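Read off the chains here:
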Amino acid sequence: MERIASFTVDHTRLLPGLYLSRRDGDVVTFDLRFKRPNTGDLLSNSEMHSTEHLIATLLRNSPQKEAVVYFGPMGCQTGFYFLFDSRLLSLEGAIELLKAVFVQAADYQGEMPGKSAAECGNYVNLDLDTGKAVCRFYADLIQDWTVDKLAY
């Protein structure tokens, strides 16, 4: 059986950052790494869930929303994947979009998006302040990120 692409990345050397994970035709996958793997320092379920609700909402409401395919957490609790259509958004554009939405999420005012039983299967697990803090950390981390830094 073939190993999937993400298993070929040396997780013993991987640091928090923003990486180009793979290309599948027109779909590009970015690895948004928040935590160093295998250190025991993981994103909590509430941190992942709250960040997902904020960022997915902002991405899907951005001017580039037609290019957004998916945003969601990694099972290993160290980050997220962002998939986008490269016909509609360049690598540079995707980096700039992520920078913008993470800053926007860190400063978000209002109710947590999707925080009701009708909208979410675990809405009690959402916390706006937790999500904002995680987004502030990542906004600061990638503020100077460029295409040249996307390689693992």
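Just above sits the structure.
Residues numbered from 1 in each chain as written. Predicted model: local features only at pLDDT ≥ 70, side-chain atom pairs only at ≥ 80, totals over all residues. Heavy atoms only, no water.

1. What to know about the sheet that holds strand β4 (residues 79–85)
As a reminder of what qualifies: Between any two strands, pairing holds if DSSP finds at least two bridges. A run of H or I in DSSP counts as a helix once it spans at least four residues, and a run of E counts as a strand once it spans at least two, with each numbered from the N terminus. Lines fitted to C-alpha atoms define the axes, with helix axes restricted to the stretch in contact, and inter-axis angles between N-to-C directions lie between 0 and 180 degrees.
Reading across from one edge, β1-β2-β4-β3 is the order of the 4 strands in this open sheet, with antiparallel pairing throughout. With one partner strand each, in any of the chains shown, β1 (17–24) and β3 (68–73) form the two edges of the open sheet. Going across the sheet, the axis of each strand differs from the next one's by a mean of 15°, ignoring polarity. The sheet contact formed by β1 and strand β2 (residues 27–33) spans 7 bridges and is antiparallel. In the sheet register, Leu20 faces β2, and the bridge partner there is Phe30.

2. As for the side chain of Ser21
To be explicit about the condition: Note on definitions: a residue-residue contact is assigned when non-hydrogen atoms from the two residues lie within 4.5 Å.
With respect to the helices and strands, Ser21 occurs in strand β1. Those residues within four positions of Ser21 in sequence are excluded, and the remaining contacts are Thr29, Phe30, Asp31, Tyr81 and Tyr152.

3. With respect to the side chain of Ser46
We apply this condition: The definition of a polar contact used here is a pair of N or O atoms within 3.5 Å, where within protein one atom must be able to donate a hydrogen and the other to accept one, and adjacent residues in sequence count solely through side-chain atom pairs.
Tracing the chain through its elements places Ser46 in helix α1 (residues 45–59). Polar side-chain contacts of Ser46 include one of 2.9 Å to the backbone oxygen of Asn125. Aside from chain neighbours lying at most four places away, what touches Ser46 is Asn125, Asp127 and Thr130.

4. Looking at the nonpolar core
Here is the rule: In this description, a nonpolar core means a group of buried Ala, Val, Leu, Ile, Met, Phe, Trp, Tyr and Cys residues linked to one another through side-chain atoms lying within 4.5 Å. Only protein chains enter the area calculation, which uses a 1.4 Å probe; residues under 20% of their type maximum are buried, those over 50% are exposed, and those in between are partly exposed.
In this structure, Leu18, Phe30, Leu32, Phe82 and Phe102 are the most contacted members of the largest nonpolar core, which totals 39 residues. Elements represented by at least two residues in this core include exactly β2, α1, β3, β4, α2 (91–106) and α3 (128–142). It is α2 that contributes the most residues to this core, 9 residues altogether. Residues within four places of Leu18 in sequence aside, it is in contact with Phe30, Asp31, Leu32, Ile95, Leu98, Tyr138, Ile142, Trp145, Lys149 and Leu150.

5. Side note on the packing of aromatic side chains
Our working rule: Aromatic pairs are defined between Phe, Tyr and Trp rings, using the six-membered ring for Trp, whenever the two ring centres lie within 6.5 Å; interplanar angles under 30 degrees are classed as stacked, those over 60 as edge-to-face, and all others as tilted. When the NZ atom of lysine or the CZ atom of arginine is within 6 Å of a ring's centre and also within 35 degrees of its normal, the charge is said to sit over that ring.
Following the criterion strictly, the structure yields 10 aromatic pairs and no others. Ring geometry for Phe30 versus Phe84: centroids 5.1 Å apart, planes at 80°, classification edge-to-face. Of this pair, Phe30 sits in strand β2 while Phe84 is found in strand β4, placing the two residues 54 residues apart along the sequence. Judged by its relative accessible area of 0%, Phe84 falls in the buried class. Pairwise contacts between aromatic rings join Phe34, Phe71, Phe80, Phe102, Phe137 and Tyr138 into one cluster. Looking at Lys149, its charged tip hangs above the ring of Trp145, at a distance of 5.3 Å from the centre.

6. As for α3
Where we set the bar: An expected span of 1.5 Å times one less than the residue number is assigned to each helix.
Between its terminal C-alpha atoms α3 stretches 21 Å, which fits the 21 Å expected from 15 residues at 1.5 Å a residue. Close packing links the buried residues of α3 with β1, β2, α1 and α2. The distance from a side-chain oxygen at the start of α3 to the backbone nitrogen of Asp129 is 3.4 Å, and the residue carrying that oxygen is Asp127.

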